[in-house]
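Breakdown of the fold
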Amino acid sequence: TMLNYSREFEHEADRIGIQTLEKAGFDVRGMAAFFERMQKFGRLYENNAPGYLRTHPLTVERISDMENRVLRAQYRQVADTIEFQLVRAKLRAGLGDPRDAVTDFEGQLRERKYLSEASARYGLAVAQMRARNYAAVEREVAELRRLKASSPMLDTLATDVRKAKGDLDGALKLYREARIRH
């Protein structure tokens, strides 16, 4: 009896979770995939799984119910923001050897294989910063400004290159301008 009672609560929590994601503007289709990932995680670690996976197992029935609820939801495409694109580029630029990251982003730009030129240029600038090629970073920042890209992340990179070059007054000036802008 108690098991059925707690399963009703889980179904209710799942329903409210979908509603909350939908109201917040997220694509609810990711919820079932996330639950499947958590189920795999729970199976991999069985007895060492976190408490929430042991006390609230993700059953096939629960995931199927989630998928059925998602099918009834209205599809809504959510465009990536510039901030998301810049963060993704920064993470990619931070992987592996800096020279490899530079080569990767230069290839994307040369072949025009990117979703956003601004994010590809930002990724190249971050990779160049890791490689300590400050002149190349400044060229990319100038190109991003020409593209009318605006983000605190871009301004932070511009100030970081000034600091790395020992121009603390120039970095402070850029920080003050960025604070007004953002």
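Relevant structure appears above.
A brief report on the enclosed structure follows.

Points about the packing of helix 5 (residues 82–93) against helix 7 (residues 117–130)
A pair of packed helices can be characterised by two numbers: the angle between their axes and the separation between those axes. Where helix 5 meets helix 7, the closest approach of the two axes is 8 Å, and the angle between their N-to-C directions is 35°. Crossing of helix 5 against helix 7: the hand is right-handed. Of helix 7, the residues touching helix 5 (which contributes Ile82, Gln85, Leu86, Ala89, Lys90 and Ala93) are Ala118, Ser119, Tyr122, Gly123, Val126, Ala127 and Arg130. Of the residues assigned to the contact of helix 5 with helix 7, the class counts are 8 nonpolar, 3 polar and 2 charged.

Structural notes on helix 10 (residues 168–181)
Across its 14 residues, helix 10 extends 20 Å between first and last C-alpha, which sits within 8% of the 20 Å expected from 1.5 Å per residue. Three or more residues of helix 10 are buried, namely Gly170, Ala171, Leu174 and Ala178. Looking straight down helix 10, one finds that the buried residues subtend no more than 100° of arc, so they occupy a single side. Away from its buried face by more than 90 degrees, helix 10 exposes Leu168, Asp169, Lys173, Arg176, Arg179 and Ile180. The elements touched by buried residues of helix 10 are helix 9 (152–164).

A word on the packing of helix 7 against helix 9
For the pair helix 7 and helix 9, the least separation of the axes is 11 Å and the interaxial angle reads 25°. The orientation of helix 7 relative to helix 9 falls into the category roughly parallel. Pair helix 7 / helix 9 crosses with left-handed handedness. On the side of helix 7, the interface is formed by Tyr122, Ala125, Val126 and Met129, while helix 9 contributes Met153, Leu154, Leu157, Asp160, Val161 and Ala164. Each residue belonging to the contact of helix 7 with helix 9 can be placed in one class, and the counts come to 9 nonpolar, no polar and 1 charged.

Details of the environment of Tyr122
Among the structural elements, Tyr122 can be located in helix 7. The exposure class assigned to Tyr122 is buried, which follows from its relative accessible area of 3%. Separated by 19 residues in sequence, Tyr122 and Val141 place their C-alpha atoms 7.5 Å apart. When residues no more than four places from it in sequence are discounted, the contact partners of Tyr122 are Leu86, Ala89, Lys90, Leu144, Met153, Leu154 and Leu157.

Parameters and conventions
Residues numbered from 1 in each chain as written. Predicted model: local features only at pLDDT ≥ 70, side-chain atom pairs only at ≥ 80, totals over all residues. Heavy atoms only, no water. Axes fitted to C-alpha atoms, helices over the stretch in contact; angles between N-to-C directions. Helix = DSSP H or I, 4+ residues; strand = E, 2+ residues; numbered from the N terminus. Left-handed = near helix turned anticlockwise from the far one by under 90°. Contact = heavy atoms within 4.5 Å. Nonpolar A, V, L, I, M, F, W, Y, C, P; charged D, E, K, R; others polar. Expected span 1.5 Å × (residues − 1). Buried < 20%, exposed > 50% of the residue type's maximum accessible area, 1.4 Å probe, protein only. Arc of directions from axis to C-beta. Parallel < 35°, antiparallel > 145°, perpendicular 65-115°, else oblique.

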